[in-house]
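# Inside the fold
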Amino acid sequence: MSALLRASCVLLLLWVSRSSGCRVRIPPHDQVAQVARFVAHQCDWASVATVSTHRPVVGRPFSNVFSVSDGPEGSGTGVPYLYLTRMDISVQDLQVDPRASLSMSLAQTDYCRRGGFDPQSPLCAHITLSGSVLEVTGMEAEFAQKSLFSRHPEMEDWPPEHHWFFCRFNITQVWVLDYFGGVRTVSPEDYFQAPEAPRTTV
Ligand SMILES: *[C@@H]1O[C@H](CO)[C@@H](O)[C@H](O)[C@H]1NC(C)=O
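A few points on the structure. Computed from a predicted model, the values in this text were never measured in an experiment.

When its secondary structure is counted, the protein chain shows six helices and seven strands. Scanning the protein chain from its N terminus toward the C terminus, one meets helices and strands in the order α-α-β-β-β-α-β-α-β-α-β-β-α. Counting only residues that meet the buried cut, the protein chain has 41% of its 202 residues in that class. Looking at the protein chain alone, contacts between residues at least 24 apart form 71% of all its contacts between residues at least 6 apart. In the structure as shown, the protein chain presents an accessible area of about 11,000 Å², 58% of it carried by carbon and sulfur atoms.

Here it is, written out as structure tokens:
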């Protein structure tokens, strides 16, 4: 096989595996709670804003990036779990005030790129969650571990001397921007009652 032909085959294989592995089928726009659950399950990371305790921005919003998982692939619960260390400056903020805001966007999947949707476009579905970050223990910590480590395998090897612990983002309000017509809100009750978002065709 010529080098050129081989290279073409590799590219074709990559293209096939990417296109079959990354197809996102979003729920209908009018199923707002379902859309929110879908976005929450698709996303592997989130921007989390805290109220800063650090000079020179004490008292101001401070956003940071965290890996999240709301459940192992295909079984999302809607609850974003986090794996945190007190060495992190945002976690230090949360120890003083656990209130936070978390946002996730389908811009991190192929959905927006394929559709040609800019991340700020309402067509590139994104959600903002309000609530607080709470440490979990026992069975819920076990579930958080399973959820996070299955989707972020390197977490298992993070240095133990950083004393990692599991948290849930405890949702008190959900904002959804998906399609035109402005942002829509969803109560935690409706959000958690929405059918589980499959991740099978992602
Ligand atoms: C957690 O969220 C629920 C709503 O889903 C709310 O009723 C409850 O007060 C929250 N708990 C804390 C500690 O913020």
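Below, the discussion takes up the nonpolar core. Core analysis: the biggest nonpolar cluster contains 36 residues, and Leu82 and Met104 have the highest contact counts within it. The leading source of residues in this core is helix 2 (residues 32-42), at seven residues. In terms of nonpolar packing, the next biggest core, distinct from the first, is built from ten residues, Val79, Val136, Met155 and Phe166 among them.

Within the structure shown, the criterion is met by one disulfide. Disulfide pairing is shown between Cys112 and Cys124; the S-S distance is 2.0 Å. Linking Cys112 and Cys124, the disulfide has an S-S dihedral of approximately 95° and is accordingly described as right-handed. With a gap of twelve residues between them, Cys112 in helix 4 (residues 110-115) and Cys124 in the loop between helix 4 and strand 5 (126-135) connect regions that are remote in the sequence. For the pair Cys112 and Cys124, a shared accessibility class is recorded, and that class is buried. For the unlinked cysteine Cys43, the closest cysteine sulfur is that of Cys112, found at 9.1 Å. Accessibility expressed as a relative area gives 0% for Cys43, which makes it buried.

Moving on to the packing of aromatic side chains. Scanning the model with the defined rule gives ten aromatic pairs in all. A ring pair is formed by Tyr83 and Trp164, whose centres lie 5.3 Å apart and whose planes are at 25°; its orientation type is stacked. Of the two residues, Tyr83 is situated in strand 3 (residues 81-84) and Trp164 in the loop between helix 5 (138-151) and strand 6 (165-177); the sequence distance between them amounts to 81 residues. For Trp164, a relative accessible area of 22% gives the class partly exposed.

Okay, the site of the ligand next. In the neighbourhood of the ligand, the contacting residues comprise Ser132, Leu134, Asn170, Ile171, Thr172 and Pro188. The separation between an oxygen atom of the ligand and a polar side-chain atom of Asn170 is 2.3 Å. Backbone polar atom of Ile171 to an oxygen atom of the ligand: 2.8 Å apart, as the coordinates give it. Protein burial of the ligand: of its 360 Å² of free accessible surface, 43% is covered by the chains. Listing elements by their share of the shell around the ligand, those giving two or more residues are strand 5 and strand 6. For the shell around the ligand, the leading source of residues is strand 6, giving three residues. Grouping the constituent residues of the shell around the ligand by class yields three nonpolar, three polar and no charged.

Time to look at the pattern of salt bridges. Considering all chains together, one arrives at six salt bridges under this definition. Measuring nitrogen to oxygen at the nearest pair gives 3.7 Å for the salt bridge that ties Arg151 to Asp70. Of this pair, Arg151 sits in helix 5 while Asp70 sits in the loop between strand 2 (61-67) and strand 3, placing them 81 residues apart in sequence. Exposure class is identical for Arg151 and Asp70. Each is buried. A salt bridge links Arg168 to Glu140, with the shortest nitrogen-to-oxygen separation between them at 2.6 Å.

Rules used in this analysis
- Residues numbered from 1 in each chain as written.
- Predicted model: local features only at pLDDT ≥ 70, side-chain atom pairs only at ≥ 80, totals over all residues.
- Heavy atoms only, no water.
- Helix = DSSP H or I, 4+ residues; strand = E, 2+ residues; numbered from the N terminus.
- Buried < 20%, exposed > 50% of the residue type's maximum accessible area, 1.4 Å probe, protein only.
- Contact = heavy atoms within 4.5 Å.
- Areas by Shrake-Rupley, 256 points an atom, 1.4 Å probe, with all protein chains shown as cover.
- Core = buried A, V, L, I, M, F, W, Y, C linked by side-chain atoms within 4.5 Å.
- Disulfide = S-S within 2.5 Å.
- Phe/Tyr/Trp six-rings, centres within 6.5 Å; stacked < 30°, edge-to-face > 60°.
- Near = heavy atom within 4 Å.
- Polar contact = N/O pair within 3.5 Å; in protein donor to acceptor, adjacent residues only side chain to side chain.
- Nonpolar A, V, L, I, M, F, W, Y, C, P; charged D, E, K, R; others polar.
- Salt bridge = Lys/Arg side-chain N within 4 Å of Asp/Glu carboxyl O.

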